[in-house]
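Breakdown of the fold
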Amino acid sequence: MRTLFKTGYRQDLRIWRHPGDILWYGLLGLVLLALPRLLGEFYIGELGAVYIFAIAGVGLMLLTGYTGLVNLGHAAFLGIGAYTNAVLLTAGWPYLLTLPASALLAAIAGVAIGIPTLRMSGLYLAIATLAFGQIVASVLEKWDSVTHGFNGLPVPIPEIFGFPIQGATGVYYTALVLLVAVLWIAANILRTPFGRALVAIRDSEVSARSMGINVALYKTIAFAVAAAMTGLAGALFAQYVNFLAPDSFDVLLSVQFLTIVFVGGIGSLQGVIYGALFVRLLPQGIALVRDDLPGHIGHLPGLEPSLFGLFLVLTILFQPTGIYGGWLRAKAWFQDFPLHRASGFRRQRTYARSERT
Amino acid sequence: MALFRAENLAMRFGGIRAVDEVSFEVTEGEVFAIIGPNGAGKTTIFNLISRLYTPTAGRMIFRDRDITAIPPHRIAGLGIARTFQNIELFANATVLQNLLIGCHCHVRASILAQLVFAPSARRDEIAHREKAEDVIAFLDLQRYRDSLISGLPYGVRKVVELGRALCTEPKLLLLDEPSSGLNTEETEVMGFWIEDIKKDLGITVIMVEHDMNLVRQVSDRVMALNFGRLLALGTPAEVQSHPEVIRAYIGGEAPA
């Protein structure tokens, strides 16, 4: 077991807690960079999708996990980012501009939903964001002149400094770089007053206000930042699917994002990665065993969404700290090996709020 | 010199006059206690001063500045901090994080600078950490520094909440029933801390309190309220022997 000796306040501000962290994350980075040389096209594409979902998941984690604002319309931000990217690329914009533009437009949409819902929380906010998601989905469907509705919108292959970003490998690397950037920004948010203000708003709005936190401002910014990250993910998503159809950004996708946050482990950035892996691997897992299942279970319509819902409910009931919480618990068990106490991880209070004010 | 002044302060909820034309002055460096039976309007006065409520009438002057219409999140920055009757700490954060939130009103770095952790954000963080450590040392909270609030006993939480208010570096500290939920010994310790805050830190304190022993121990002046109206104002001994106050607490014949 490692014991850290703290000798300065700066030490608490570092992202890496000790040299071991740098070593292991460095190794992980090298492996991830080398993977496209080792694995086939299909796996690289799937991993790229995991990164894309993780980027959107980081956004939702900041919003739901840290600020306590439930969002059932998160797919709308992904859709706005995806369509912005596709439309602007078609219009001939360079990729390095369409990416920030997608994030910006999604952020504006985030402010647009954030301001009217400032006084809402819990179920009411869930319903409002659900409605917002539906509105954006209908706009994407009906605004033929821009989105081509159900005819779909092909996504051009972008270039960065003359190099075409195409295929699974291209998406993989852009998503990896942007995921690292988004994680860095999220880590910065969490170690500065901004992040603490978000947690304060989640835990007690009235005392956050008397500590000098402008609750309305921070809630709106939280929406904007979460939406911007998701818009960025949307731009990559457009690249990943190559062809946009309005019905891919429905409430089921929003539920998948919530699953990332809850199953991964609410209130942790590592959890987002685990959650994204889970959400992208579950359909593959279903596909693998589909034909071996007895009867027609494997081919029931709606099997996948119901499994997502089931896992979401089971996690909230039985493992509220998600995969990451389970990992921490396992780690603690091994570290204290013969002396482990079961009470060390007893759950104190739920993170996500219901209608309690 | 008056640090805080309330002029004809009134707050009505529908037909109920929670605070009815109350005027008082708090002098710099004193401990000013507000007492009164349940529903007398004590906490309402606190919510008015911290601007969670907007008064229906009257004015509030703090350091020669009218604060009657200032938004609530700016109150802490002006130098008024408060605690809550039922502890409003951030339960899923550590003691240290709670204290750092207290430093929020002194943040200089812009949100953009915080997103990229610019040098200004780093400077802020280190300055806040130093302030929080000062408060930890002042209130003897060292051993709880990294504990989650949700795992701490009630008495310690009360002290942490006091510490969080001190982190805002207030001129005026509002304590809403600092002794509620504490046992006799903890109440006595709380009394010593209030005295230290007044003497060592030079912070003016307004407190709502039911425990008359604590009130006698620490306060310079006492204001008694009943049904939103001012009954008596003076030294603890004067107010305690005031006939109106005795009547309000133990009942009696209406004055002839």
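Only a predicted model underlies this, so the values are computations on that prediction, with no experimental measurement involved.

Reading the values: rules and limits
Residues numbered from 1 in each chain as written. Chains lettered and ligands numbered in written order. Predicted model: local features only at pLDDT ≥ 70, side-chain atom pairs only at ≥ 80, totals over all residues. Pairing = 2+ DSSP bridges. Helix = DSSP H or I, 4+ residues; strand = E, 2+ residues; numbered from the N terminus. Core = buried A, V, L, I, M, F, W, Y, C linked by C-beta atoms within 7 Å. Buried ≥ 20, exposed ≤ 12 C-beta atoms within 10 Å, placed from the backbone. Domains from an automatic or database assignment. Contact = placed C-beta atoms within 7 Å. Axes fitted to C-alpha atoms, helices over the stretch in contact; angles between N-to-C directions. Parallel < 35°, antiparallel > 145°, perpendicular 65-115°, else oblique. Left-handed = near helix turned anticlockwise from the far one by under 90°. Nonpolar A, V, L, I, M, F, W, Y, C, P; charged D, E, K, R; others polar.

**Some words on the pairing of strand S1 (residues 2-13) of chain B**
Residues and elements named next belong to chain B. Across eight bridges, S1 lies against strand S2 (residues 16-27) in antiparallel orientation. Each residue of the ladder has a partner; that of Ala 2, found in S2, is Thr 27. With antiparallel pairing between neighbouring strands as the criterion, S1 and S2 make up a hairpin whose turn holds two residues, including Gly 14 at a positive phi of roughly 60 degrees. Sheet topology note: the S1/strand S4 (residues 57-62) ladder contains five bridges and is antiparallel. The residue bridging Arg 5 from the neighbouring strand is Ile 61, located in S4.

**Focus: the nonpolar core**
Counting 168 residues, the largest nonpolar core has Ile52(A) and Ile55(A) as the members making the most contacts within it. Here this core spans two domains, since at least three of its residues come from each of domain 1 (1-79 + 170-256) and domain 2 (91-168) of chain B. Beyond its immediate stretch of four places on either side in the chain, Ile55(A) contacts Leu178(A), Leu179(A), Val182(A), Met229(A), Leu232(A) and Ala233(A).

**Focus: the packing of helix H4 (residues 74-90) of chain A against helix H12 (residues 251-264) of chain A**
All names here are of chain A. Packing of H4 against H12 leaves a shortest axis separation of 7 Å and a crossing angle of 110 degrees. The orientation of H4 with respect to H12, classified from their angle, is roughly perpendicular. The chirality of how H4 crosses H12 is right-handed. Seen from H4, the contacting residues are His 74, Ala 75 and Leu 78; seen from H12, they are Leu 253, Ser 254 and Phe 257.

**Structural notes on the domain arrangement of chain B**
Residue and element names in this part refer to chain B. Partitioning chain B into domains gives domain 1 (1-79 + 170-256) and domain 2 (91-168). Summarising the inter-unit geometry, the C-alpha centres of domain 1 and domain 2 are found 27 Å apart. Taken together, the contact pairs nine residues of domain 1 with eight residues of domain 2. Within the residue set of the side of domain 1 that touches domain 2, elements represented by two or more residues are helix H2 (75-78) and helix H7 (184-199). Along the lines of polarity and charge, the residues of the side of domain 1 that touches domain 2 split into six nonpolar, two polar and one charged.

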